Amino acid sequence: MATLHTVNKSPFDKNSLQICLSLAKDGSGILLIEDGVYAATKGTKFSAEVEDAMKNHKVYALESDLSMRGVINKVIDGVEVVDYAGFVDLTAEYSKVQSWL
Amino acid sequence: MSSIKKLMYVNRKAPHGTVYALESLEVVLIGAAFDQDISLAFIDDGVYQIVKGQDPTDTGIKNFAPTYKALGDYDVKKMYVDKESLEERGLTQDDLMDLVWEDEDDDWAEKPSIHLVSRSELGDLLDDSDVLFNF
Amino acid sequence: MKYGIMVSEGPYTHQASDSAYFFTKAALDKGHEVFRVFFYHDGVNNGTRLTTPPQDDRHIVNRWADLAKEHDLDLVLCVAAAQRRGIADADESKRNGKDADNMQEGFRISGLGQLIEAGIQCDRMVVFGD
């Protein structure tokens with residue numbers, strides 16, 4: 001069963017997203033939370049990398065983290081926005097959680 | 001009898017600049033008593049936790065690096081080091097402490113605990129674990 | 001599902017405690033069991049009763065205590081981390097010769113074994129940190 005990776009750091013701040021993408025297996029889920037949601041936004045230098053990752057992974061972003069940062073209307077097409085109930089469901093759907101800090 | 005779980009402790013931070021390396025090692029030591037299948041992963045600056053020659057003398061900061069050497073005695077013998085993280089930092093396995101364990105099924109032969117792995121292998125190791133602790 | 005939650009950062013400085021709180025609440029609302037919330041590293045600072053956040057800001061410590069009371073949650077502060085950071089219940093305070101204790105009601109102080117036990121007993125362990 002596949003792993004749910006969470007990334008809570010902005011890709012501009014730390015390499016956590018990069019490390020995650022470099023080893024997350026095909027079929028694993030990637031959930032962006034806290035400052036990690038900036039990676040889910042359009043037009044950044046990381047957007048192409050995230051779009052590429054979406055070919056082999058489902059990418060999600062936490063709704064309240066997007067809203068509080070004023071970027072909920074800038075989400076890359078195809079990134080699934082979930083609330084905390086959705087976050088919980090994802091942790092149940094995938095077999096375990098790897099928290100990239 | 002409950003089944004054994006595969007616990008992995010993921011270390012990505014350098015020692016001393018923050019407390020995470022020390023406090024994660026404390027978890028490993030306590031966790032060793034629970035007879036589970038234990039692995040450690042060292043990625044990014046986490047590889048610096050096990051370099052040779054750390055010397056915080058005169059700083060008052062605890063020198064906990066020698067504790068990694070004792071892990072073999074606690075049956076903690078799977079330490080996976082991300083090759084790419086080493087290379088990025090100009091390090092080779094020679095820069096790392098010589099961490100070993102004694103195999104009682106092989107006449108107590110000393111065997112290396114450190115295994116250098118690729119990103120892909122690391123991904124497999126994470127996926128193969130049951131519980132992932134990140135510090 | 002039976003969840004174990006690890007909170008590795010203190011209140012306000014990082015979002016970790018907030019994220020962990022909302023996740024825990026959502027899991028409970030969905031009828032899941034939260035076996036234990038284990039506070040480690042600076043996370044033990046979520047367990048002091050002496051915080052006075054501004055009136056117009058959330059009260060993180062009380063929020064955890066209220067959730068624990070409502071759902072009979074096990075909120076555990078790691079003893080080693082708490083000792084380092086000066087969070088103590090009455091027993092710890094007495095044992096270590098301190099003149100005060102500061103732990104919020106609803107939390108308890110215990111060893112790292114409680115974290116490992118949660119990892120072993122739970123179906124899912126979720127770590128919130130920096």
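Above this note sits the structure.
Below is a short write-up of the structure.

**Digging into the interface of chain B and chain C**
With 14 residues of chain B at the interface, the matching set in chain C holds 14 residues. Elements represented by at least two residues in the side of chain B that touches chain C include exactly α1 (20-31) and β7 (131-134) of chain B. Sorting elements by how many residues they give to the side of chain B that touches chain C places α1 of chain B first, with six residues. Per-class residue counts for the side of chain B that touches chain C are eight nonpolar, three polar and three charged.

**Looking at the interface of chain A and chain C**
Across the boundary between the two partners, chain A contributes twelve residues, which contact 14 residues of chain C. For the side of chain A that touches chain C, the elements supplying multiple residues, two or more each, are α4 (84-93) and β5 (96-100) of chain A. Considering only residue class, the side of chain A that touches chain C consists of eight nonpolar, two polar and two charged.

**Re the sheet that holds strand β2 (residues 29-32) of chain A**
Hydrogen bonds between backbone atoms are what pair the strands of a sheet, whose relative direction is either parallel or antiparallel. Residues and elements named next belong to chain A. The strand order across the open sheet built from five strands is β4-β3-β2-β1-β5, with neighbouring strands paired in parallel fashion. Looking along the sheet, the strands with just one partner apiece sit at the ends: β4 (80-82) and β5. Neighbour-to-neighbour, the strand axes of the sheet open up by a mean angle of 25 degrees, direction not taken into account. Pairing between strand β3 (residues 58-62) and β4: three bridges, direction parallel.

**Description of α1 of chain B**
Relative to the 16 Å expected for twelve residues at 1.5 Å per residue, α1 of chain B spans 16 Å between its end C-alpha atoms, a close match to the ideal helical length. Considered for burial, the residues of α1 of chain B that qualify are Y20, A21, E23, S24, L25, V27, V28 and G31 of chain B. Elements in contact with the buried residues of α1 of chain B: β1 (6-11), β2 (37-42), α2 (65-70) and β7 of chain B together with α3 (79-85) and α5 (113-121) of chain C.

**Comments concerning helix α2 (residues 60-71) of chain C**
All names here are of chain C. Look at α2: 17 Å from first C-alpha to last across twelve residues, which is about the 16 Å you get at 1.5 Å a residue. Restricting attention to buried positions, one finds in α2 the residues V61, W64, A65 and A68. End-on, the buried residues of α2 take up no more than an arc of 95 degrees, which puts them together on one face. The exposed residues of α2 that point more than 90 degrees off its buried face are D66 and E70.

**Topic: the pairing of strand β3 (residues 75-78) of chain C**
Residues and elements named next belong to chain C. Neither face of β3 is open: one carries L75 and L77, the other V76 and C78, and all of them are buried. One ladder, built from three bridges, connects strand β2 (residues 33-39) with β3; its direction is parallel. In the strand pairing of β3, F38 is matched with V76. One crossover worth recording links β2 to the parallel β3 by way of α2, and it is right-handed. Relative to strand β4 (residues 107-110), β3 is paired through four bridges, and the arrangement is parallel. When the bridges of β4 are listed, L75 appears paired with F107.

**Here's the deal with unusual backbone geometry**
Most of the time, phi is negative for any residue but glycine, and the peptide bond is trans. All names here are of chain B. Phi at D58 takes a positive value of approximately 80 degrees, unusual for a residue other than glycine. For D58, the location among the structural elements is in the loop between β2 and α2. Among the residues examined, D58 registers 6 C-beta atoms within 10 Å and is labelled exposed. Positive phi, normally seen in glycine, also occurs at D75, with a value near 65 degrees. On the secondary structure map, D75 appears in the loop between α2 and β3 (79-82). On the basis of neighbour count, D75 is assigned to the partly exposed category, with 16 C-beta atoms found within 10 Å.

Rules behind the numbers
- Residues numbered from 1 in each chain as written.
- Chains lettered and ligands numbered in written order.
- Predicted model: local features only at pLDDT ≥ 70, side-chain atom pairs only at ≥ 80, totals over all residues.
- Contact = placed C-beta atoms within 7 Å.
- Helix = DSSP H or I, 4+ residues; strand = E, 2+ residues; numbered from the N terminus.
- Nonpolar A, V, L, I, M, F, W, Y, C, P; charged D, E, K, R; others polar.
- Pairing = 2+ DSSP bridges.
- Axes fitted to C-alpha atoms, helices over the stretch in contact; angles between N-to-C directions.
- Expected span 1.5 Å × (residues − 1).
- Buried ≥ 20, exposed ≤ 12 C-beta atoms within 10 Å, placed from the backbone.
- Arc of directions from axis to C-beta.
- Right-handed = clockwise from strand over helix to strand, strands pointing away.

In short, shape yes, function no, at least from these values alone.
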